[in-house]
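# A closer look at the structure
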Amino acid sequence: SIGVVLLIAVIVAGVVVYQQRDAAANQLFGQAMDVYQTPLAHPNQPAEPGQKTYATAADRAKAAYPLFQQTADQYGWMRAGEMARYFAGITELDLGKTDQARTDLEKATHSGGSNLESLAKLALANLNEQAGKTSEAVSLFQDLIQHPTTTVPKAQAQFQLAALYETTNPQEARRLYAEIKDQNKDTDSAQIATQKLAALK
């Protein structure tokens, strides 16, 4: 009976510690998101009294990045840490740190949550496209098409892959736009795909 009591005590202590660390991770991630969601200043529109603003997106990212990075480093095995890793990559893109962004986004593609993973894959695909790594970008877009999620629906990934193909493989771009049109009838996606098809003729 003493052994059982000790086991229960260890389990309870573990749960308490986990809950405390989870709360700390969520609090730190929340602070980072508060900074990242701070509005940007408008030259012709003064901010309301007491309202925090940033002059540029880069300034805002510079302030938010250390908090995201700290959350990811300290609590990477928790959900808040996984989300922070993705946003660390996004803020690094805002700061022009593409190599660091690639590293963090690649880690985020293995976060264990399909919605977060798909966002990371989309950001990484766009980064690869901009860097001229077309085959890597195509592979990621195709993966997103085959595994749609709430955050990156199939049509969105199709549109991005088709846009990439417009200059490199117009025939494949037309095929994708036609597929979007057929699979999303009576939607905005179908209308946009129709317009894209007309522009490619």
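Our subject is the structure that appears above.
Residues numbered from 1 in each chain as written. Predicted model: local features only at pLDDT ≥ 70, side-chain atom pairs only at ≥ 80, totals over all residues. Heavy atoms only, no water.

The next thing to look at is the overall build of the protein. Helix and strand content of the protein: nine helices and zero strands. In terms of overall dimensions, the protein is more spread out than a globule: its C-alpha atoms have a radius of gyration of 22 Å, far above the 17 Å expected for 201 residues. Overall, the protein is about 80 × 55 × 35 Å in size when its C-alpha atoms are taken along their principal axes. When the 201 residues of the protein are sorted by exposure, 38% land in the buried category. Considering only contacts within the protein whose residues lie at least 6 apart along the sequence, 45% involve residues at least 24 apart. Carbon and sulfur atoms form 53% of the exposed surface of the protein, whose accessible area is close to 11,600 Å². Taking the average location of the 18 positive side-chain charges in the protein and that of its 21 negative ones, the two points are 3 Å from each other. (Helix = DSSP H or I, 4+ residues; strand = E, 2+ residues; numbered from the N terminus. Rg over C-alpha atoms; globule rule 2.2 N^0.38 Å. Buried < 20%, exposed > 50% of the residue type's maximum accessible area, 1.4 Å probe, protein only. Contact = heavy atoms within 4.5 Å. Areas by Shrake-Rupley, 256 points an atom, 1.4 Å probe, with all protein chains shown as cover. Lys, Arg positive; Asp, Glu negative; His and termini not counted. Charge placed at Lys NZ, Arg CZ, Asp CG, Glu CD.)

This next bit is on unusual backbone geometry. The residue aspartate 186 is not glycine, and still its phi comes out positive at about 60°. Along the polypeptide, aspartate 186 turns up in the loop between helix H8 (170–183) and helix H9 (188–200). Residue class for aspartate 186 comes out exposed when judged on its relative accessible area of 82%.

Time to look at the packing of helix H7 (residues 154–168) against H9. When two helices pack together, their arrangement is given by the angle between the helix axes and the distance between those axes. Contact pair H7 / H9: the axes reach a minimum separation of 12 Å and the direction vectors enclose 10°. Here H9 runs roughly parallel to H7, going by the angle between their axes. Judged by residue contacts, Ala155, Phe159 and Glu166 of H7 engage Ser189, Ile192, Ala193, Lys196 and Leu200 from H9. (Axes fitted to C-alpha atoms, helices over the stretch in contact; angles between N-to-C directions. Parallel < 35°, antiparallel > 145°, perpendicular 65-115°, else oblique.)

Take the packing of H7 against H8 next. Between H7 and H8, the shortest axis-to-axis distance is 7 Å and the interhelical angle comes to 155°. It follows that H7 is roughly antiparallel to H8 by the angle criterion. The way H7 lies across H8 gives a crossing that is left-handed. Across the interface between the two elements, Lys154, Ala155, Gln158, Phe159, Leu161, Ala162, Ala163, Tyr165, Glu166 and Thr168 from H7 touch Pro170, Glu172, Ala173, Leu176, Tyr177, Glu179, Ile180 and Gln183 from H8. Considered class by class, the residues forming the contact of H7 with H8 number eleven nonpolar, three polar and four charged. (Left-handed = near helix turned anticlockwise from the far one by under 90°. Nonpolar A, V, L, I, M, F, W, Y, C, P; charged D, E, K, R; others polar.)

The subject of this paragraph is the side chain of aspartate 104. Assignment of secondary structure puts aspartate 104 in helix H4 (residues 98–108). With a relative accessible area of 4%, aspartate 104 lands in the buried category. Non-local contacts of aspartate 104, meaning those with residues more than four positions away in its chain, are made with Gln69, Arg85, Ala88, Gly89 and Glu92.

Let us look at the environment of glycine 30. Relative to the helices and strands, glycine 30 resides in helix H1 (residues 2–36). On the accessibility criterion, glycine 30 (26% relative accessible area) is partly exposed. Each C-alpha atom of the pair glycine 30 and threonine 71 lies 9.8 Å from the other, and the pair is 41 residues apart in sequence.

What follows is about the environment of leucine 93. Tracing the chain through its elements places leucine 93 in helix H3 (residues 79–94). By relative accessible area, leucine 93 is classed as partly exposed at 30%. In this structure leucine 93 touches Ala101, Leu105 and Leu127, once residues within four positions along its chain are discounted.

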